[in-house]
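# Commentary on secondary and tertiary structure
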Amino acid sequence: MLRSLKLLSLVLLTSIQLQAQSNADKEEWKSLFNGKDLTGWDIKIAGHKVNDNYKNTFIVEDNMIRVNYKEYEKFTTEYGHMYYNKPYSHYKIRLQYRFTGNQVPGGASWNVRNSGIMLHSQSAASLGLDQDFPISLEMQYLGGLNAGERNTGNLCTPGTIVEINGKVDEAHCINSTSKTYNGDQWVTAEAIVLGDSIVHHLIEGDTVLTFTKPKIGGGYVGKTHTFKDGKVSHEDEWIKKDGTPLGSGYIALQAESHPIDFRNIEVLELKGCMNKKASNYKSYYVVADNSRCTFGK
């Protein structure tokens, strides 16, 4: 009888340990979009105040966030972004996007089927009134034009600069190795962002671009286009930060004159409690923030 009780206790203990390990390994992705409205997001469109959703540029339909130009007669300088209201440093983000229809009249030729998401971005509230793009790392999405190759999952660097293969790359936009996606098909995009060390861009599960050591600097759109040219608020303060590692910031969806839909926008934090005795310990965290740890009684 005693032997049986010991065996039962061992089985129960092993089961509890396995369950705890399973919970520690289970990825807890967080949806950034509730599917119903724009709660949790701040809108900033050039020429307009924060959360002035000019001509309903951003709308919600059918469980999607849609960049919408139905109320525009002509696009001029209304470059817009919608910012999730929490900053992140170490994380994965994944979503699906698709381009639809035709570009609104007035949009630049380079903006046909052109959009993206901004990573490590400044906040909506910190932008200048007429600033067109936030200082950030843009994961650029391009749709095919049925006329040769057009990579997606590229990198553009408004007010930032990065290294590729260990060398500073001063190009404002850096192409990925992705295939071309023509038409209005959904494309799955993911970024793995590890603070100011390394960032990977993935398209349909394939790593298509990797860069390292993101920093503030390099001009606004290259060295010849300054923060002043971009109408960046507090230009002098940004200039003082030249060369400063860029390790955290906001996530933003972009509106650049061509309709695009976003759905299934999720984030997996990679920074959190790394104390194995805590109830919210996760084995996949790469940076510890043990101030978040919680312990059961």
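If you look the protein up in an unreviewed UniProt entry, it shows as DUF1080 domain-containing protein from Dyadobacter flavalbus.

So, on to the sheet that holds strand S16 (residues 250–255). Read from one edge to the other, the open sheet built from 7 strands follows the order S2-S5-S16-S7-S8-S9-S12, with strand pairing classed as antiparallel. Each edge of the sheet is formed by a strand with only one pairing partner; in this case those strands are strand S2 (41–45) and strand S12 (173–174). The sheet contact formed by strand S9 (residues 154–156) and S12 spans 2 bridges and is antiparallel. When the bridges of S12 are listed, Cys156 appears paired with Cys173.

Turning to the nonpolar core, a few remarks are in order. One finds Ile93, Tyr97, Ile117, Tyr141, Phe262 and Ile265 to be the most contacted residues of the largest nonpolar core, which totals 55 residues. The element contributing the most residues to this core is strand S6 (residues 90–99), with 5 residues. Once you skip the residues sitting within four places of it in the chain, Ile265 turns out to touch Lys30, Ser31, Leu32, Phe33, Ile65, Ile93, Arg94, Leu95 and Leu253.

Under the definition given, this model contains 2 disulfides. The residue that forms a disulfide with Cys156 is Cys173, at a sulfur-sulfur distance of 2.1 Å. When the S-S torsion is 110 degrees, as for the bridge of Cys156 with Cys173, the disulfide is right-handed. Highlighted residues: Cys156 in strand S9 and Cys173 in strand S12, separated in sequence by 17 residues. A relative accessible area of 3% places Cys156 in the buried class.

Most of strand S8 (residues 137–142) is tucked away, with 6 of its 6 residues classed as buried. Side chains Leu137, Met139 and Tyr141 project from S8 onto one buried face, and the interleaved Glu138, Gln140 and Leu142 project onto a second face that is buried too. As judged from the 6 bridges shared by strand S7 (residues 114–121) and S8, these two strands associate in the antiparallel manner. Bridge pairing in S8 places Asn114 opposite Leu142. Relative to S9, S8 is paired through 3 bridges, and the arrangement is antiparallel. Bridge pairing in S9 links Met139 to Leu155.

On to the pattern of salt bridges, then. In this structure the tally under the stated criterion is 10 salt bridges. The residue Arg98 makes a salt bridge to Asp261 at a minimum N-O spacing of 2.9 Å. Highlighted residues: Arg98 in strand S6 and Asp261 in strand S17 (residues 260–269), separated in sequence by 163 residues. Overall, the relative accessible area of 1% leaves Asp261 in the buried class. One salt bridge connects Arg113 with Asp184, and the closest N-O pair in it is separated by 2.8 Å. On the criterion of sequence distance, the pair formed by Arg113 in the loop between S6 and S7 and Asp184 in the loop between S12 and strand S13 (187–194) is long-range, its members being 71 residues apart. Under the relative-accessibility criterion, Arg113 is labelled buried at 11%. Ionic contacts of the salt-bridge type, sharing partners, join the residues Glu61, Arg66, Arg98 and Asp261 into one network.

Cut-offs and rules
- Just so you know, the residues in each chain are numbered from 1, in the order the chain's sequence is written.
- Side-chain atom pairs in this predicted model are given and counted only at pLDDT of 80 or more, local residue features only at pLDDT of at least 70, and totals for whole chains, interfaces and linings cover all residues.
- Neither water nor hydrogens contribute to the side-chain values; these are computed over all heavy atoms in the structure.
- When DSSP finds two or more bridges between a pair of strands, those strands are recorded as paired.
- In this description a helix means any DSSP run of H or I spanning at least four residues, a strand means any run of E spanning at least two, and both kinds are numbered starting from the N terminus.
- For the purposes of this section, nonpolar cores are sets of buried Ala, Val, Leu, Ile, Met, Phe, Trp, Tyr and Cys residues that join through side-chain atoms within 4.5 Å.
- With a 1.4 Å probe rolled over the protein chains alone, any residue whose accessible area is under 20% of its type maximum counts as buried; one over 50% counts as exposed, and the rest are partly exposed.
- Pairs of residues are marked as contacts when any of their non-hydrogen atoms sit within 4.5 Å.
- Throughout, disulfides are identified as pairs of cysteine sulfur atoms within 2.5 Å of each other.
- The salt bridge criterion pairs a side-chain nitrogen of Lys or Arg with a carboxyl oxygen of Asp or Glu, the two atoms within 4 Å.

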